[in-house]
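Each chain, letter by letter, is given below.
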Amino acid sequence: WTLDSVGGAISIVIPLDQQQQAVRDNVVRDVVYFLLITLLIGAVVYAVTTIFVFRPLNRMKLAFAEMGEGQLVVSLDDTNAAKEVSRLIERFNSTAAELHTIYGHLEEQVESRTDDLRKANTALERQRDTLEHLNTELAKETQFKSDLLSMVNHELRTPLTSIITFAQISREACPPDRESERHSWEEIEKNSQILLAMINDMLDIARSDAGSIRTACEPMDLGDIVCAVKGTMTPLAQKYSVAFCTQVSSDVPLVNGDFEKTQRMLENLASNAIKFTPDGGTVELSINVDESDGSVRMRMADDGIGIAPEDQERIFERFFQVDSTSTRKYNGSGLGLALVREYAAVQGFSVSVESELGRGSIFVISIPSGLIVG
Ligand code: ADP
């Protein structure tokens, strides 16, 4: 036998089927074990999650639904809940308690407000009843006032006008040698005129209160108005020994307004200016255009007794007179300037005054540029 020579051979035969079957059995068994263990673990995980997480969360879901329906007294039990879910439940419980407190408070507030509203409503109803009653009374008074107005109009003005006319005729017919009789007729005429002016003023004030003042709005020539005012005021100025002069700038345009009322306003201002200016004084009515804003200014200036600053607004109040004592030396009802302001307002004009005691007064009626014709 030499090295590397073949001395014999052994043949071993192993059946492959048996081997493969054993391997297959092993694999199947392992897979079955694995599946069983996985199923077991899944079941345990499912049971634990259901008990400690899903059930508490489901309870919370139901509690939220109850809260949504207005049931705020909710308290959830956190036993059998996972740590995190238990915290969530605690938070939920405290929030529900807070909401309950706030809601309760709100309900109280709403109730108290409703109560307040109910009381206010009752008070309002009572006031409405009172107002309705007052309204009825007012309607009666307005009716009474308008009856009185027409009564004054017919029963006082008509006879007064005849008294004035007859006094005039009688004065003029009086022979020159009966001086005292003539003087008596003059006095009757003068005082009747004063009375008529007062009645006219009061009627106008009453009409303005009743809202029945009618104003025309048509082009008017202020120059014509000034001429008319000069005509009526010159005799008064002569009587008081006061110079009354007028001046109208050539560029004064036509303006829209009520001729009669504007004349009456200027006459009221002029008669005051003449009355409150001592003998030898001057009253000047001038009209010009204010270059700054294009408005037309009617200015009544006097160098009379003047008005103290604290009275300058009050003189436009009804019946206000600076000297209201029974010994006052000037005639008047205290309605002239109130009417001037009312007439100015209804026509869209404005009135202002500047004055200094002992030095005189200036009353200005401004007609805005919007009322200029053309
Ligand atoms: P009255 O009929 O008394 O004149 P007014 O309303 O016209 O009533 O005027 C109110 C008061 O304003 C007057 O009583 C007077 O005291 C004062 N007043 C008006 N205009 C002048 C003026 N030009 N100068 C001084 N005082 C005046």
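Computed from a predicted model, the values in this text were never measured in an experiment. (Residues numbered from 1 in each chain as written. Predicted model: local features only at pLDDT ≥ 70, side-chain atom pairs only at ≥ 80, totals over all residues. Heavy atoms only, no water.)

What follows is about the overall build of the chain. Counting its secondary structure elements, the chain contains six helices and seven strands. Reading the chain from its N terminus to its C terminus gives the helix and strand order α-α-α-β-α-β-β-α-β-β-α-β-β. In terms of overall size, the chain is more extended than a compact globule, its C-alpha atoms giving a radius of gyration of 54 Å where 374 residues would be expected to give roughly 21 Å. The long-range fraction of contacts in the chain, counting pairs at least 24 apart against all pairs at least 6 apart in sequence, stands at 71%. A gap of 3 Å separates the mean positions of the 35 positive and 55 negative side-chain charges of the chain. (Helix = DSSP H or I, 4+ residues; strand = E, 2+ residues; numbered from the N terminus. Rg over C-alpha atoms; globule rule 2.2 N^0.38 Å. Contact = heavy atoms within 4.5 Å. Lys, Arg positive; Asp, Glu negative; His and termini not counted. Charge placed at Lys NZ, Arg CZ, Asp CG, Glu CD.)

Turning our eyes to something else, we now look at helix H6 (residues 336-347). If you check H6, its first and last C-alpha atoms are 17 Å apart, about what 12 residues at 1.5 Å a residue would give, namely 16 Å. Residues of H6 that are buried include every one of Gly336, Leu337, Ala338, Leu339, Val340, Tyr343, Ala344 and Gln347, and no others. On its buried side, H6 packs onto helix H3 (179-209), strand E1 (218-220), strand E3 (255-257), helix H5 (259-275), strand E6 (350-356) and strand E7 (360-367). Trailing H6 by a residue or two, Gly348 shows a phi angle of about 85°, which is positive. (Expected span 1.5 Å × (residues − 1). Buried < 20%, exposed > 50% of the residue type's maximum accessible area, 1.4 Å probe, protein only.)

Before going further, it helps to spend a moment on the pattern of salt bridges. Within this structure, the stated rule accounts for 17 salt bridges. Between Glu313 and Arg341 there is a salt bridge, and its shortest N-O distance comes to 2.8 Å. Linking Glu313 in the loop between strand E5 (296-302) and H6 with Arg341 in helix H6, this pair joins segments that are 28 residues apart in sequence. The exposure class of Glu313 is exposed, given its relative accessible area of 51%. (Salt bridge = Lys/Arg side-chain N within 4 Å of Asp/Glu carboxyl O.)

The next subject is the nonpolar core. For soluble globular proteins, the rule of thumb is that nonpolar side chains tend to be buried together. If you look at the biggest cluster of nonpolar residues, it comprises 43 residues, and the most contacted ones within it are Leu222, Phe244, Met300 and Phe363. Those residues in contact with Leu222 that sit more than four places away from it in its chain are Val252, Val255, Ile287, Val296, Met298 and Ile367. Core analysis: the second largest hydrophobic core is formed by 11 residues, Met67, Ala81, Phe92 and Ala96 among them. (Core = buried A, V, L, I, M, F, W, Y, C linked by side-chain atoms within 4.5 Å.)

Quick look at the site of the ligand now. In the vicinity of the ligand lie 21 residues, with Asn272, Asp302, Gln321, Ser333 and Leu337 positioned nearest. Gly334 is positioned with one of its backbone polar atoms (N or O) 3.0 Å from an oxygen atom of the ligand. Gly336 places a main-chain nitrogen or oxygen 3.3 Å from an oxygen atom of the ligand. When the ligand sits alone it has 530 Å² of accessible area, and the protein chains cover 96% of it. (Near = heavy atom within 4 Å. Polar contact = N/O pair within 3.5 Å; in protein donor to acceptor, adjacent residues only side chain to side chain. Areas by Shrake-Rupley, 256 points an atom, 1.4 Å probe, with all protein chains shown as cover.)

With that out of the way, let us pick up unusual backbone geometry. Residues other than glycine seldom take positive phi values, yet Ser241 does so here, at roughly 55°. Among the secondary structure elements, Ser241 is positioned in the loop between helix H4 (222-239) and strand E2 (243-248). Notably, Phe319 is not glycine yet its phi reads approximately 65°, a positive angle. Mapped onto the elements of the fold, Phe319 is located in the loop between E5 and H6. Residue Phe319 is classed as exposed on the basis of its relative accessible area of 54%.

This part is about the side chain of Asp311. Along the polypeptide, Asp311 turns up in the loop between E5 and H6. Buried and unpaired, Asp311 has no salt bridge, with Arg314 as the nearest side chain of opposite charge at 5.5 Å. Those residues in contact with Asp311 that lie beyond four places of it in its chain are Phe320 and Val322.

It is worth spelling out H3 at this point. With 31 residues, H3 should cover 45 Å at 1.5 Å per step; its first-to-last C-alpha distance of 45 Å lies within 8% of that length. All buried positions along H3 are accounted for by Glu189, Ser192, Leu196, Ile199, Asp201, Leu203, Asp204, Ile205, Ala206 and Ser208. At its buried positions, H3 is contacted by helix H2 (83-173), H5 and H6.

This part takes up the packing of H2 against H3. Each pair of packed helices gets described by two things: the angle between the helix axes and the distance between those axes. At their nearest, the axes of H2 and H3 sit 9 Å apart, and the two run at 160° to each other. By the angle between their directions, the pair H2 and H3 is classed as roughly antiparallel. Between H2 and H3 the crossing geometry is left-handed. (Axes fitted to C-alpha atoms, helices over the stretch in contact; angles between N-to-C directions. Parallel < 35°, antiparallel > 145°, perpendicular 65-115°, else oblique. Left-handed = near helix turned anticlockwise from the far one by under 90°.)

Moving on, we get to the packing of aromatic side chains. Here the structure, examined in full by the defined rule, presents two aromatic pairs. Taking the centre distance of 6.3 Å and the plane angle of 70° together, the rings of Phe316 and Phe363 count as edge-to-face. Placement of Phe316 in the loop between E5 and H6 and of Phe363 in strand E7 is noted, with a sequence separation of 47 residues between them. Of the two residues, Phe316 and Phe363, neither departs from the other in class, the shared state being buried. Seen from the ring of Tyr343, Lys261 lies directly overhead, with NZ or CZ sitting 5.6 Å from the centre. The cationic tip of Arg341 hangs over the ring face of Phe316; the distance from NZ or CZ to the ring centre is 4.0 Å. (Phe/Tyr/Trp six-rings, centres within 6.5 Å; stacked < 30°, edge-to-face > 60°. Lys NZ or Arg CZ within 6 Å of the ring centre and 35° of its normal.)

Here we come to the pairing of E7. The buried fraction of E7 is high, at seven of eight residues. Bridge analysis of E5 against E7 gives seven bridges, and the strand direction is antiparallel. Residue Arg299 lies in a different strand from E7, and its bridge partner there is Val364. The sheet contact formed by E6 and E7 spans seven bridges and is antiparallel. Pairing of Ser350 across the sheet is with Ser366, part of E7. Connecting the antiparallel pair E6 and E7 is a turn made up of three residues, with Gly358 showing a positive phi of about 80°. (Pairing = 2+ DSSP bridges.)

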